[in-house]
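Here are the chains, one letter per residue:
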Amino acid sequence: MQLIFHPSRGEEIMGGLKTNCRVSAVVIFAVCVGVAGLLGLLTPIPNGCNMTYMYPTYIPIPLHPSNINFSSAEGKYGLYLYHEGWKKIDYDLHLLKLSGVPVLFIPGNGGSYKQVRSLAAESDRAFQGGPLEHTFYQEASFTPEEVVRRYSSTKRNILEEDWEIRNLFSSVKGTPQYSNRLDWFAVDLEGEHSALDGRILEEHTEYVVKAIHRILDVYKESFNARSKDNRENVGTLPRSVILVGHSMGGFVARAASIHPHLRKGVVETILTLSSPHQSPPVALQPSLGHFFSRVNKAWQSGYQIQRTRSGHWISDPLLSDVVVVSISGGIRDYQVRSKLTSLDGIVPSTHGLTIGATGMRNVWLSMEHQSILWCNQLVVQVSHAMLHLIDQSTGQPFSSTQKRLAVFVSNLRSGIPQSFDWMRSVQFQHYAEHLPIEKEEDLGSLGKLRIKDQFCCPKSIQWEDDSHERDLYIESTTVTVLAMDGRRRWMDIKRQASDGRDHFVLVTNLVPCFGVRIHLWPEKSRLALRDVPAVKRVMEVTSKMVHIPAGPAPRQIEPGSQTEQAPPSAVLRLGPDELRGFRFLTISVAPRPTVSGRPPPAASMAVGQFFSPREGKVKFSPQSLLLSSYKQQDVTLQENHPLVMNFSFSISMGIFPVALNLKTLGCGIKDSLLATEKTGDEEHSSLCKLRCFPPVALVWDTESGLYVDPHCSYKISVSVSLTGAASRFLLLHGSQIIGFSMAVLFFSLMQQARAWELDLPLPSVLSAIESNLRLPLPFGFLAVGPLAVYMLLALLGTEPCPPFASFVIVSIVSYTFANGAVVVLTLSTQLIFYLTACIQVFFKQRWQAWEGRFHMSFIHQFIDRFSVFSSFQVVRMLRGRPTLTVAVIVTVLIAFLHPALGLIVLILSHAWCCHTALCSFLAPSFRSHPHRKGDWQNSKFKADIFPQADSSMTAGVKLEDSHSPTPDSAISFGETQLEAFNYQQGIFLLHLAATAMLIPSFVAWGQRLGMDHSIPWFLDSALSLGIVLHGLCACKVNCNVLLFPFPRFWGPPVEEAGLSLVYCLAGFYCYLSGLALAPYRAFYALAAVGLLSLCFRVIKRRYRERGDFNLNRRHSHRH
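Notes on the structure follow. Just so you know, these numbers come straight off a predicted model, no measurement behind them.

With that out of the way, let us pick up the overall build of the chain. A tally of helices and strands in the chain yields 29 helices and 29 strands. When the 1119 residues of the chain are sorted by exposure, 52% land in the buried category. Of the contacts formed within the chain by residues at least 6 apart in sequence, a portion of 81% connects residues at least 24 apart. Carbon and sulfur atoms make up 58% of the accessible area of the chain, which amounts to about 52,100 Å² in all.

Okay, structure coming up:
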C-alpha cells in the first residue's frame, strides 16, 4: 500500500498551494463549528416548566451488616425514607406504620438523595387528591409496530389480539380513588461522579442491591410488629421494590436488577429519567464502556428462554417479569442525548417503553437534564402513572407485565401519532371498525364488543335539545364555528369530499363531549339512531379527537372583552376508509353555559375542512435550508388555503434545527364595510386575532404539520440556526469525533512509518495529515473505506443498518472536523515546543557569553557542592537508565493509583524528548557565526547546552550509529533531530489524546481520594501498560521492521510493510469505534500497537545480535 506521492518539480508549487488550502479549509471549518457550537450551548434557553414545592423530611435508615457482605464500604453511603409534611414526627413510629408501595430513588452523576423530594411530594398530593379528571380525548395505545410485533409473536387472530388489548387498557383505567400510597426511599451516594468511572458505577450498583434488601426487611419488620399488636388492617407485605433512577441512576437500577446477589423477583418495575442505556454519555474509560456492554448483554439474554446447548428448555426468561420505562428530556438535555436513552435492542417492546418529554401526555416540553426532576408538569404525570400501577384488590403493583406496561402507555404516551400521515394511533382498529357484519352475534368471541360505540360520549352527558330545527347546512368544503350556539352543522360527504378531497380535519378549542360532538350518518334521518342494523347506524367519532398542546386561554374581565381566540386544543382527522359508507358528517356544538355573576367563557371556535393531502405540501430543498441561515425562506399562504399544511424538509431537523415564524397578513375583512386603511394596522391586527385562531404546529423529524385558519392569509418564514446546528452536531456526534481524532493520529503515524520504510524524508505530523487529505486518494480510502466496512458489518449483524446517504455525509463531515481539530492541536503543541526551545537556547547562548566575559567562581562552587549528590549510586543509575526509571514510575502509578497519573508521566517524558530534539535543531540559528559541519562534532559544545545529551533519554531522539553526522553524511545532525522531533510529536499527540480520555475518570478518583481508595480496574491498568510499551518501544522511528508482505493498491509497488500497516489497521479500528459511539475502544488499538512494538523491538535486537541488518533502512536520502 502506497500512500505517499512524489510530484514533479513543476507540480511542486501548485501541490503545496493545494495542500495549504486543504489544511486551511479543515482548520477554518473546525474552528467555526467549534465556536458556533460553544455559543449555541452557552445561549440561555427558555424553560416552560412550573416549579414543584414541598415540605421535606428525610428519615435515615441504617443498613445492618448482617445482610449481604459486599466489597463496598457500607458506611460511605446511606439510605433515607422521605416524608412529606411540616410537622415533626417520630421516626421509629413512622417506620412501624409503613404499609405502602416501596419506591427507591437512585440519584445520578453528582446527584443528591434530596432530589427525590419533587416526585415524592407530588405522589403524596396525588394520593390524597385522587386521579386526574377524566377527559374524552383519544387515549394512547400501542403503536402499529408494537401491534405487529405482538401479533407475530403470539400467532393469534388479529381480532382476538384487538379484543385482548382493549380489555387490557380498560382494566387499567383510573378509579375514583387510589388504593395505596407510595413510600419513597432514596440512596445517598455522596454525590460521586458515576458517569466518569466504571468502578464507582459498580460500587453504586452493589449498594443499591443492599438497599433493596434492607427496604423489604423494613417492611417485614413493620408487618410483623403490626401483626403482634393484633391490628385489623396490617396491609399486604410488598414483594418487590419499584426503582426510579435519574441519569446514571437509571442505569444503576438496571445493573442492580441483574446482580447475582439480588433476591429473585424483588425488582419488577424500573422507571428512568434522562438515563443513558445504549452507552455512557462520555464513553472514554475502557472499564466504564465494558461495564455498560456487559450489563446490556445480560439484559439482552435476560429476555430469552434459557436452553441447553442441545436446545432443551431450562427456564423462562430471567427478566420476563421486569418492565422498564425510559423518559428522555428532549433536545434541551445537553448531557444525555435522546438517542442514548433508547431501549431498542436492550428491552423488547413487550416489556419496555421509551418516550420523550415532548411527547408525554399533558407535558409536551423539552427540559434540561436537572429540570426533569422538578418540572411540575412531568412530575405530576409520572406520579399519577405510578399510582395507577397499584392493583385495587392487593394494594400492590399489578403482577402482569402487560398491565403495568399498559398503565405507563395510557398515562404517559400522548395520543398524538408518531407520523404526519396518521389515520389512527393503532393500526388494528381499522380492521375491527369496518368488519362486514350485520349482527353482534356474528362477532363470535368478540360478541360483547360494541365496535360502533367505542368512540361515543357517555350517556351521562346530555344536551338540551337534539332537534333538527336549528341545524345549519354547509355547502362549502370548510366549516367554521365561532361561538357555542347549540347548533348542528351538516356536511355532505359524497358531494364535498369529491375531487380528491377525501380527508376531513377538524381543529377546535372546544372540549369533546362537553363542547362538541361529531357523528357520521349513513342518511339524514332520526331512524339512523335506532331500529336499523348496526352497520347502518350513526357512528359517533367524538373520542377520536387527539389532545394537542395548547397555551393558556385569553382572560376576560367582562362579557365580550376577549381580544383573541383561545388556542386550539384538539385535532380530529378522518381518512377515506373511515368516511366510506357514510353520507353525512355533523358537528354538534353545545349551547353556551351561563353561570350567574360570571362572564361567559372566552371565544370558542372550531374549523373543519375536507382536503387533499397533496394540496398543502411544501418541500424545502437542502439548498434552501442552507441559504435560510443567511436569509429567511418565505412562504405566503393566501386566503382559502388548505387547513392542513405539510412542510417537508430534505435534511433531518435533528441536524439542522428549523425556526418557523408565522405572521398574519389578512383575515378576510378587506371587502367588509370596515376598511383596513380606515381602521389602522393595530385595529386590523386585533380584529384578525379575534377572527383567526392561533396556528398549531406538530413537528416530526423530517416533516411538520401546520394547522392554519383557511380564512386568513399568512406569511411563513423558515430559517436554520447555524449555532443551533453546530451545537447539535457536537452533542450528537461528539463520541464519533473523538474516535475519528484517534484514527487521524494513527493515520499520520502511518505516513511517518511508511516514509521510513521507503527510505524517504520523514514528514511532520502536519504534513502527514495534509497528505491524508488528498483527493481522491488516500482520503477516499481512509475516510470512506471504514464506512463500507461498517455498513457491511451492519448488514451481516443484528443491528439495523443506518440510512446510507445521511450516514455517509455526517460521518465524512465528522471525520473532516476531526482532522481540523487534530491540526489545531498539532499547531498549538508545535508552537509551545518552539517557544520553549527558543527560550532555552537563547538563554543558554547568553549564559555562555556571560560566563566567558565574567568570572563566576561562586556559582561554580555552588554547583560543585550540589554535584555531590550525583555521585550516589542510585542517582547515577537513574541518570544512566532514564527510560527504565520512567517505566518503573509509570507502572507503579498505573497499577496502584490511577492510569491517568502514569500516562501523564509518560507524555512528560515524550515532551522532554521533543524539546531536546527541537533545541538541537534550533541551536545553530542562535549562534553568532555561520554553522560549520565540524561544529556539531564538538562534544563539549553539545554538553554545555545539553548536559544529558549522552544519556539514554536523549538517545531516544537520536538515530543509529549509521546516521551519525559526518561531513560525508547525506543528512545533517540538525535535520536528523528535526525528523526525530516530528516523529516524537506524533507519539506525544497520540498519547496525549489517550491521557485526556482518562482525565474525567481521574477527576472522579480525586473526589474520592479522601474517602476511600481502591486499586484501578485491571482492564484500565492493562490497556494503559500497553500504551506505555508503545511509548517506550516505539519512541524511535528506526524501531520499525519490515515483516508483512502487502499487495499493491496504487502508486509504486510495495513489497513489505512494518509499523505502517499496524498503524493503518489501528486507525481503521478507531474509526469503526467512533462509528459505534464507543471511542474507549481506541485503548484496545493502542494496547495492541504497544505489544506489537515490543515484538518489533525484540525481533530487531535478535537481528542485530546475528548481524543481519537487511530489514533495516539506512535512511541515506538527501533533502
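Back to the text.
One way to put it is that helix α28 (residues 1059-1075) packs onto helix α29 (residues 1082-1106) with a least axis distance of 9 Å and a crossing angle of 170°. Taken as axis vectors, α28 and α29 run roughly antiparallel relative to one another. Across from L1059, V1062, Y1063, A1066, Y1069 and C1070 in α28, the residues of α29 making contact are A1082, Y1084, A1085, V1089, L1092, S1093 and F1096. Of the residues in the contact of α28 with α29, the class split is twelve nonpolar, one polar and no charged.

Topologically, E192 is positioned in the loop between β4 (182-188) and α6 (198-228). Within polar-contact distance, the side chain of E192 engages the side chain of H204 at 2.9 Å.

Attention now moves to the packing of aromatic side chains. Counted by the stated rule, this structure contains 29 aromatic pairs. Judged by centre distance (5.8 Å) and plane angle (50°), the ring pair of F136 and F514 falls under tilted. Pair noted here: F136 is in the loop between α3 (117-129) and α4 (144-154) and F514 is in the loop between β14 (503-508) and β15 (516-521), with a separation of 378 residues, a long-range link. With a relative accessible area of 47%, F514 lands in the partly exposed category. Between the aromatic rings of F251 and F292, the centroid separation amounts to 3.7 Å while the plane-to-plane angle is 10°, which identifies the pairing as stacked. Linking F251 in helix α7 (residues 248-257) with F292 in helix α8 (residues 286-302), this pair joins segments that are 41 residues apart in sequence. Classification of F251 by relative accessible area gives buried; the value is 0%. Judged by relative accessible area, F292 falls into the buried class, the value being 2%. One aromatic cluster in this structure is built from Y58, Y80, Y82 and Y113.

What follows covers a nonpolar patch on the surface. Among the surface-exposed residues, L884, V888, V892, F896, L897 and I1015 lie close enough to one another that they form a single nonpolar patch of about 530 Å² accessible area. For V888, the location among the structural elements is in helix α22 (residues 882-896).

Per the counting criterion, the structure on display carries 15 salt bridges. Taking the shortest distance from any N to any O, the salt bridge between R214 and E221 comes out at 3.2 Å. Here R754 and E757 are joined by a salt bridge, their closest N and O atoms 2.2 Å apart. Pair noted here: R754 and E757 are both in helix α16 (residues 722-757), with a separation of three residues, about one helical turn. Note on R754: relative accessible area 5%, which makes it buried. Residue classification places E757 among the buried residues on the basis of a relative accessible area of 1%.

Moving on to the nonpolar core. M742, F746, Y815, Y983, Y1063 and Y1071 are the most contacted members of the largest nonpolar core, which has 95 residues in total. Among the elements that take part in this core, α16 stands out by supplying 15 residues, more than any other. Other than its neighbours up to four places away in sequence, Y1071 contacts G739, F740, A743, L782, A783, P786, L787, S811 and Y815. Core analysis: the second largest hydrophobic core is formed by 51 residues, V116, A126, I372 and I390 among them.

One can describe the packing of α16 onto helix α17 (residues 765-772) by two numbers: an axis separation of 8 Å at closest approach and a directional angle of 100°. Relative to α17, α16 is oriented roughly perpendicular. Here α16 contributes V744, F747, S748, M750, Q751 and Q752 to the contact with α17, which in turn contributes V765, A768, I769, S771 and N772. By residue class, the composition of the contact of α16 with α17 is six nonpolar, five polar and no charged.

Time to look at the environment of C914. Considering the arrangement of structural elements, one finds C914 in helix α23 (residues 899-922). Placed 77 residues apart in sequence, C914 and A837 show a C-alpha to C-alpha distance of 9.4 Å. Among all residues touching C914, those that are not within four sequence positions of it are F833, F981, Q984, Q985 and F988.

Taken as a whole and judged by the stated rule, the model has two disulfides. Between the sulfur atoms of C49 and its disulfide partner C375 the distance amounts to 2.3 Å. Judged by the sign of its S-S torsion, about -90°, the bond between C49 and C375 is left-handed. Here the residue C49 occupies a position in the loop between α1 (9-42) and β1 (56-60), and C375 occupies one in the loop between β10 (352-356) and α9 (376-388), the gap between them amounting to 326 residues.

Below, the discussion takes up α29. Between its first and last C-alpha, α29 extends 36 Å over 25 residues, near the 36 Å set by a 1.5 Å rise per residue. Within the span of α29, buried status applies to A1082, F1083, A1085, L1086, A1087, V1089, G1090, S1093, F1096 and K1100.

Bringing α8 into the picture now. Between its terminal C-alpha atoms α8 stretches 24 Å, which fits the 24 Å expected from 17 residues at 1.5 Å a residue. Looking only at α8, the buried set comprises P286, S287, L288, G289, F291, F292, V295, N296, W299 and G302.

Burial within strand β13 (residues 488-492) is extensive, with five of its five residues counted as buried. Going residue by residue along β13, you find R488, W490 and D492 tucked away on one face and R489 and M491 tucked away on the opposite face as well. Judged from the three bridges that link them, strand β11 (residues 472-474) and β13 form a sheet pairing that is parallel. Within β13, the position partnered with I474 by the bridge is M491. Taken together, the five bridges between β13 and strand β19 (residues 584-589) define a ladder with antiparallel strand orientation.

In this section: the sheet that holds strand β22 (residues 633-637). What the three strands build is an open sheet, ordered β22-β27-β24; its pairing is antiparallel. Of all the strands in the sheet, the pair left with one neighbour each is β22 and β24 (658-666). Recorded for the sheet is a direction-independent mean angle of 20° between the axes of neighbouring strands. Strand direction decides the pairing type here: β22 and strand β27 (residues 713-720), joined by five bridges, are antiparallel. Each residue of the ladder has a partner; that of D634, found in β27, is S717.

The next subject is the sheet that holds β11. Picture the strands of a sheet paired through backbone hydrogen bonds; they go either parallel or antiparallel. Sheet architecture is open: five strands sit in the order β11-β13-β19-β15-β16, paired in mixed fashion. Only two strands of the sheet have a single neighbouring strand rather than two, namely β11 and β16 (539-540). Bridge analysis of β15 against β16 gives two bridges, and the strand direction is antiparallel. Looking at the pairing, H519 lines up with E540 of β16.

Cis geometry is adopted by the peptide bond preceding P776, which originates at L775 and carries an omega value of -5°. Relative to the helices and strands, P776 resides in the loop between α17 and α18 (779-796). In the segment running from L777 into P778, the intervening peptide bond is cis, with an omega of 5°. Here S274, not a glycine, exhibits a phi torsion of approximately 50°, which is positive. Assignment of secondary structure puts S274 in the loop between β6 (269-273) and α8. Taking relative accessible area as the criterion, S274 reaches 1% and is therefore assigned buried.

Next up on the list: the environment of L706. Summarising the element assignment, L706 is placed in strand β26 (residues 703-707). On the basis of relative accessible area, L706 is assigned to the buried category, the value being 3%. Filtering out sequence-adjacent residues up to four positions away, L706 remains in contact with L643, V644, M645, F647, L662, P695, V696, A697 and I716.

Position of T354 relative to the elements: it lies in strand β10. Each C-alpha atom, one on T354 and one on L343, is 6.4 Å from the other, the two residues being eleven residues apart in sequence. Apart from the residues within four sequence positions on either side, T354 is in contact with S326, T341, S342 and L343.

How each quantity is defined
- Residues numbered from 1 in each chain as written.
- Predicted model: local features only at pLDDT ≥ 70, side-chain atom pairs only at ≥ 80, totals over all residues.
- Heavy atoms only, no water.
- Helix = DSSP H or I, 4+ residues; strand = E, 2+ residues; numbered from the N terminus.
- Buried < 20%, exposed > 50% of the residue type's maximum accessible area, 1.4 Å probe, protein only.
- Contact = heavy atoms within 4.5 Å.
- Areas by Shrake-Rupley, 256 points an atom, 1.4 Å probe, with all protein chains shown as cover.
- Axes fitted to C-alpha atoms, helices over the stretch in contact; angles between N-to-C directions.
- Parallel < 35°, antiparallel > 145°, perpendicular 65-115°, else oblique.
- Nonpolar A, V, L, I, M, F, W, Y, C, P; charged D, E, K, R; others polar.
- Polar contact = N/O pair within 3.5 Å; in protein donor to acceptor, adjacent residues only side chain to side chain.
- Phe/Tyr/Trp six-rings, centres within 6.5 Å; stacked < 30°, edge-to-face > 60°.
- Patch = residues over 30% accessible without salt bridge, like charges linked within 9 Å, V, L, I, M, F, W, Y side chains within 5 Å.
- Salt bridge = Lys/Arg side-chain N within 4 Å of Asp/Glu carboxyl O.
- Core = buried A, V, L, I, M, F, W, Y, C linked by side-chain atoms within 4.5 Å.
- Disulfide = S-S within 2.5 Å.
- Expected span 1.5 Å × (residues − 1).
- Pairing = 2+ DSSP bridges.

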